[in-house]
Amino acid sequence: MYIPHYYKNENIGEIKEFIAQNSFGILVNQLDGKPWATHTPLELDMDSEGNDILVGHISKANPQWRGFNPDTKVLCIFNGPHAYVSSSWYQEEEVPTWNYIAVHIYGTLKVLSEEETMDFLYKLVDKYEKDSENPISLHNMSPNTLKQVKGVVGFTIQIEEIQAAYKLSQTRGEDHDRIVKELAERKDAGSQLIAKTMKRAES
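Residues numbered from 1 in each chain as written. Predicted model: local features only at pLDDT ≥ 70, side-chain atom pairs only at ≥ 80, totals over all residues. Heavy atoms only, no water.

This part covers the pattern of salt bridges. Scanning the model with the defined rule gives ten salt bridges in all. When the shortest N-O distance is used, the salt bridge between D131 and K130 registers 3.4 Å. Grouping residues by exposure puts D131 and K130 together as exposed. Two residues, E174 and R172, come together in a salt bridge whose shortest N-O distance is 3.8 Å. Exposure remark for R172: the relative accessible area of 14% places this residue in the buried category. Through salt bridges that share partners, R172, E174 and D175 make up one connected network. (Salt bridge = Lys/Arg side-chain N within 4 Å of Asp/Glu carboxyl O. Buried < 20%, exposed > 50% of the residue type's maximum accessible area, 1.4 Å probe, protein only.)

Here it is as structure tokens:
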């Protein structure tokens, strides 16, 4: 994606934390010459050689997996908070804009075996159930229920390029405090999260 240099984030640790917190991403590839996208959990993990990878799954009822050929190139999109920024908050006349955080990852997809997919699904459910009052586990489900894994295509994505845009009014130094104040006073979650992120970036 296009990222002006002052909005580019190259802090890998910060980007990995962002992906972990915003792991419900968008998987994009080509199917019959047409871009195809699916919203699905894309979990950051590590392969046997210590390389960062993404792991995910989609339903076999979803035609997108038919475009998963050996060495399929894919794009994964992770969206964070975003907020409208009014230029009425600026000291000088300017057009309004939008602040946001987004990460694009390019990589090569490899389809997992049924056993590998099941291992991933055990980990995925355990991760998101751990804070539940009455957590469930796939380990406790009947073989009949777990047969549903046959309707799922699991995959890993070898990460080849990471692009991270953190557009947080970096070019508006004289207006920065006012922008943070105005965003923090808005009721929508996106504005408040962008305000908090801008405050953290200052420290």
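Here the focus is the nonpolar core. Membership of the largest hydrophobic core comes to 32 residues, with the highest contact counts inside it found for C76 and F78. At the level of secondary structure, the elements contributing two or more residues to this core comprise α1 (12-21), β3 (52-59), β4 (72-85), β5 (97-111), β6 (152-167), α4 (176-185) and α5 (189-202). Looking at this core, the element that brings in the most residues is β6, giving six residues. Leave out the neighbours within four places in its chain, and F78 touches F18, I19, N22, S23, G25, L42, L54, I101, A102, V103 and I105. (Core = buried A, V, L, I, M, F, W, Y, C linked by side-chain atoms within 4.5 Å. Helix = DSSP H or I, 4+ residues; strand = E, 2+ residues; numbered from the N terminus. Contact = heavy atoms within 4.5 Å.)

With that settled, consider the pairing of strand β1 (residues 24-31). Within β1, six of the eight residues are buried, which leaves it mostly tucked inside the rest of the structure. Bridge analysis of β1 against strand β2 (residues 34-46) gives eight bridges, and the strand direction is antiparallel. Bridge pairing links G25 to T40 in β2. Between β1 and β2, which pair antiparallel one after the other, the connecting turn spans two residues, and D32 there sits at a positive phi close to 55 degrees. Here β1 pairs with β4 via three bridges, running antiparallel. Paired with L27 across the strands is C76, a residue of β4. (Pairing = 2+ DSSP bridges.)

Residues other than glycine predominantly adopt negative phi, and peptide bonds predominantly adopt the trans conformation. Non-glycine residue D32 carries a positive phi angle of around 55 degrees. The topology assignment puts D32 in the loop between β1 and β2. For D32, a relative accessible area of 79% translates into the label exposed. Phi is positive for D71, close to 65 degrees, though the residue is something other than glycine. Its place among the elements puts D71 in the loop between β3 and β4. A relative accessible area of 58% places D71 in the exposed class.

One pass over the structure, following the stated rule, counts four aromatic pairs. If you follow R172 out to its NZ or CZ, it ends over the ring of Y90, 3.9 Å from the centre. (Phe/Tyr/Trp six-rings, centres within 6.5 Å; stacked < 30°, edge-to-face > 60°. Lys NZ or Arg CZ within 6 Å of the ring centre and 35° of its normal.)

Glancing now at the pairing of β3. Most of β3 is tucked away, with six of its eight residues classed as buried. Inspection of the sheet shows β2 paired to β3 by five bridges, in the antiparallel sense. Pairing of L44 across the sheet is with L54, part of β3. In textbook terms, the turn of a hairpin is the stretch between consecutive antiparallel strands, and for β2 and β3 this stretch comprises five residues, one of which, G50, has a positive phi near 85 degrees. Across seven bridges, the pairing between β3 and β6 is antiparallel. Note that in β6 the partner of I58 across the bridge is V153.

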